Amino acid sequence: MPQVTLTVNGTKHTVEVEARTLLVETLREQLRLTGTHVGCDTSQCGACVVHMGGDSVKSCTILSVQCDGSEITTIEGLAAADGTLHPMQEAFREYHALQCGFCTPGMVMSAIDLVNKHPDGMSEKEIREGLEGNLCRCTGYHNIVKAIAAAQDVMHGRVPELVRAAAE
Amino acid sequence: MYDFAYHKPASVADAVKILAADPDARPISGGMTLLPALKLRLNKPTSVVDLSGIAELHGVKREGDKLVIGALTRHGDVASSAEVKAAIPTLAAMAGTIGDTQVRNRGTMGGSVANNDPSADYPAALLALGATIQTDKRKLAAEDFFTGMFTTALEVGELVTAIHIPIPTKAGYAKMRNPASRYSMAGVFVAQTASGVRVAVNGAGANGVFREKAMEAALSANWSPDAVAGVKVDPGLLNGDIHGSAEYRAHLVTVMAKRAVIDAG
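The rules behind the values
Residues numbered from 1 in each chain as written. Chains lettered and ligands numbered in written order. Predicted model: local features only at pLDDT ≥ 70, side-chain atom pairs only at ≥ 80, totals over all residues. Pairing = 2+ DSSP bridges. Helix = DSSP H or I, 4+ residues; strand = E, 2+ residues; numbered from the N terminus. Axes fitted to C-alpha atoms, helices over the stretch in contact; angles between N-to-C directions. Contact = placed C-beta atoms within 7 Å. Nonpolar A, V, L, I, M, F, W, Y, C, P; charged D, E, K, R; others polar. Buried ≥ 20, exposed ≤ 12 C-beta atoms within 10 Å, placed from the backbone. Domains from an automatic or database assignment. pLDDT = per-residue confidence, 0-100. Expected span 1.5 Å × (residues − 1). UniProt positions renumbered as here; feature names shortened; annotations may be inferred.

Turning our attention to the sheet that holds strand β7 (residues 139-141) of chain B. Sheets are built from strands that pair by backbone hydrogen bonding, the pairs being arranged parallel or antiparallel. Residue and element names in this part refer to chain B. One open sheet holds the five strands; their spatial order is β4-β5-β10-β6-β7, and the pairing between them is antiparallel. One side of each edge strand has no neighbouring strand; the edge strands of this open sheet are β4 (60-63) and β7. Here the strands of the sheet are splayed against their neighbours by 25° on average, with no regard to which way each runs. Pairing of strand β6 (residues 132-135) with strand β10 (residues 160-166) involves four bridges; the strand directions are antiparallel. Counted as the bridge partner of isoleucine 133 is isoleucine 163 from β10.

Rendered as structure tokens:
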């Protein structure tokens with residue numbers, strides 16, 4: 001069986017896989033990183049989004065063998081060792097940007113890539129367009145967009161800390 | 001998905017050798033079309049030949065009055081390429097509308113061109129711009145390359161290696177997306193090229209991407225949205241399905257052509 005070496009959240013793993021094994025299967029079933037979800041399994045919903053070499057990708061539509069030698073970041077790799085959340089995670093919590101939570105890992109991973117690729121910041125419209133590859137079946141988009149708008153200011157250093165959600 | 005053998009050659013010559021030895025081997029670049037097909041067991045290759053390790057197939061270069069885009073250049077890289085934005089801004093903008101961010105981070109121009117999905121964006125651009133598709137053994141004009149729905153002139157085991165695109169004087173593109181799938185229901189690419197005005201239509205043709213000669217004649221005489229407003233496409237040449245009848249698509253082609261001319265300026 002092919003052997004692949006992946007650096008996942010900073011730790012190097014060498015695993016045996018079948019050629020047909022998907023990256024998400026290796027992450028969930030071999031490395032037991034079950035934060036990455038499988039929603040549609042047809043590269044539409046985005047629940048399985050992880051970062052590969054700094055780009056967001058749908059891990060249900062990549063073979064593990066295609067990732068040999070890559071750096072992968074999953075939702076488990078975002079928070080600091082002491083449990084301090086990534087600003088995007090913190091913003092999702094603050095703005096209640098989740099309902100059932102199933103799409104959340106993929107949403108957070110896509111959102112971070114989106115913010116990283118837009119150093120000048122995004123409008124609400126650009127955030128909504130940028131989330132085209134992530135579906136929320138609870139239709140909780142409104143707060144997801146608010147959370148990303150708030151998180152981008154923290155990630156780009158425009159505000160010292162997350163602007164709190166107004167009591168509504 | 002059925003299992004298969006996996007190869008990752010480092011050169012085009014090695015890739016072609018593996019493909020030539022086994023007619024049931026399939027090349028993979030981004031995998032955005034092939035992997036979903038494999039999951040559905042629509043395709044059962046004995047081996048998959050990963051082209052991503054072939055350095056010479058990546059990247060965009062400007063060579064005089066044309067752009068040369070390596071087959072493995074990802075949609076996201078075309079969309080953000082300074083060379084493409086400067087030379088053919090509408091091509092960069094088009095690349096930024098393919099699929100979603102994650103698809104654009106994997107899918108490649110060569111893969112899209114070789115697949116020739118009737119709703120794909122690039123085939124219309126390449127046909128309208130008079131591009132040449134370079135393979136490991138020959139060069140083909142876009143109109144000789146795109147032969148029908150999901151069909152190209154590629155022989156078994158032949159690989160697209162690069163796309164040569166002459167830089168037009170002006171070019172524009174507009175498409176009407178299916179609201180659910182976001183695929184083009186009708187898209188029109190217009191260009192003023194060294195060989196005259198060219199217009200190509202995707203999403204609508206019963207036999208895949210095609211040139212719309214009546215619109216080319218109208219725009220040659222008068223480059224304006226009004227010039228194409230009166231040009232109707234024969235619905236008999238178009239595809240009808242649950243998303244839209246051939247008559248509806250014929251109407252869309254005219255509207256998209258007007259918008260494409262406005263986009264070109």
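We are not done yet, so read on.
Moving on, we come to the interface of chain B and chain A. Taken together, the contact pairs 19 residues of chain B with 22 residues of chain A. Elements represented by at least two residues in the side of chain B that touches chain A include exactly β1 (5-7), α2 (34-39), β3 (47-50) and α6 (101-104) of chain B. For the side of chain B that touches chain A, the element with the most residues is α6 of chain B, which contributes three residues. Broken down by class, the residue content of the side of chain B that touches chain A amounts to 10 nonpolar, five polar and four charged.

Turning our eyes to something else, we now look at the pairing of β10 of chain B. Residue and element names in this part refer to chain B. Judged by how many residues are buried, β10 sits mostly within the fold: five of seven residues are covered. As paired strands, strand β5 (residues 66-70) and β10 are joined by five bridges and run antiparallel to one another. From the neighbouring strand, isoleucine 69 faces β10, where its bridge partner is isoleucine 163.

The next subject is the domain arrangement of chain A. Residues and elements named next belong to chain A. Along its sequence, chain A is organised into domain 1 (3-77) and domain 2 (87-155). Distance between the C-alpha centres of domain 1 and domain 2: 21 Å. Each side of the interface is counted separately: domain 1 has 15 residues, and domain 2 has 11 residues. Those elements that provide at least two residues to the side of domain 1 that touches domain 2 are β3 (49-52) and β4 (55-58). Each residue belonging to the side of domain 1 that touches domain 2 can be placed in one class, and the counts come to six nonpolar, eight polar and one charged.

Taken as a whole, chain B shows an average pLDDT of 97; of its residues, 100% reach a score of 70 or greater. For this predicted complex, the interface confidence score (ipTM) comes to 0.94, while the overall pTM stands at 0.95.

Bringing the pairing of strand β12 (residues 184-193) of chain B into the picture now. Residues and elements named next belong to chain B. Burial analysis of β12 places eight of its 10 residues in the buried class, the great majority of the element. Looking at chain direction, strand β11 (residues 170-177) and β12 are connected through eight bridges and run antiparallel. Bridge pairing in β12 places alanine 174 opposite valine 188. Linkage of β11 to β12, two consecutive antiparallel strands, is achieved through a turn of six residues, within which arginine 182 is found at a positive phi near 70°. As paired strands, β12 and strand β13 (residues 196-202) are joined by seven bridges and run antiparallel to one another. In the sheet register, threonine 193 faces β13, and the bridge partner there is glycine 196. Between the end of β12 and the start of β13, which pair antiparallel, lie two residues.

What follows concerns helix α3 (residues 104-117) of chain A. A rise of 1.5 Å per residue sets the reference length of α3 of chain A, with its 14 residues, at 20 Å; its end C-alpha atoms lie 20 Å apart and thus fit the reference within 8%. Extensive coverage of α3 of chain A is indicated by the burial of 12 of its 14 residues. Within the span of α3 of chain A, buried status applies to Thr104, Pro105, Gly106, Met107, Val108, Met109, Ser110, Ala111, Ile112, Asp113, Leu114 and Val115 of chain A. Residues of α3 of chain A that are buried sit in contact with β3, β4, α2 (87-94), α4 (124-130) and α5 (141-155) of chain A together with α6 of chain B.

Moving on, we come to the UniProt feature "domain: FAD-binding PCMH-type" (unreviewed entry) in chain B. What UniProt calls "domain: FAD-binding PCMH-type" (unreviewed entry) maps, in this numbering, to residues 1-170 of chain B. Helix makes up 34% of residues 1-170 of chain B and strand 24%, whereas the separation of the span's terminal C-alpha atoms amounts to 45 Å.

Turning next to the sheet that holds β12 of chain B. Residue and element names in this part refer to chain B. Read across the sheet, four strands follow the order β11-β12-β13-β14 without closing on themselves; strand pairing throughout is antiparallel. The sheet terminates laterally at β11 and β14 (210-211), the two strands that pair on one side only. Examined bridge by bridge, β13 and β14 share two bridges and lie antiparallel to one another. Bridged to valine 201 within β14 is phenylalanine 210. Sitting on the sheet, helix α10 (residues 213-221) touches β12, β13 and β14, and the angle it makes with β13 is about 145°.

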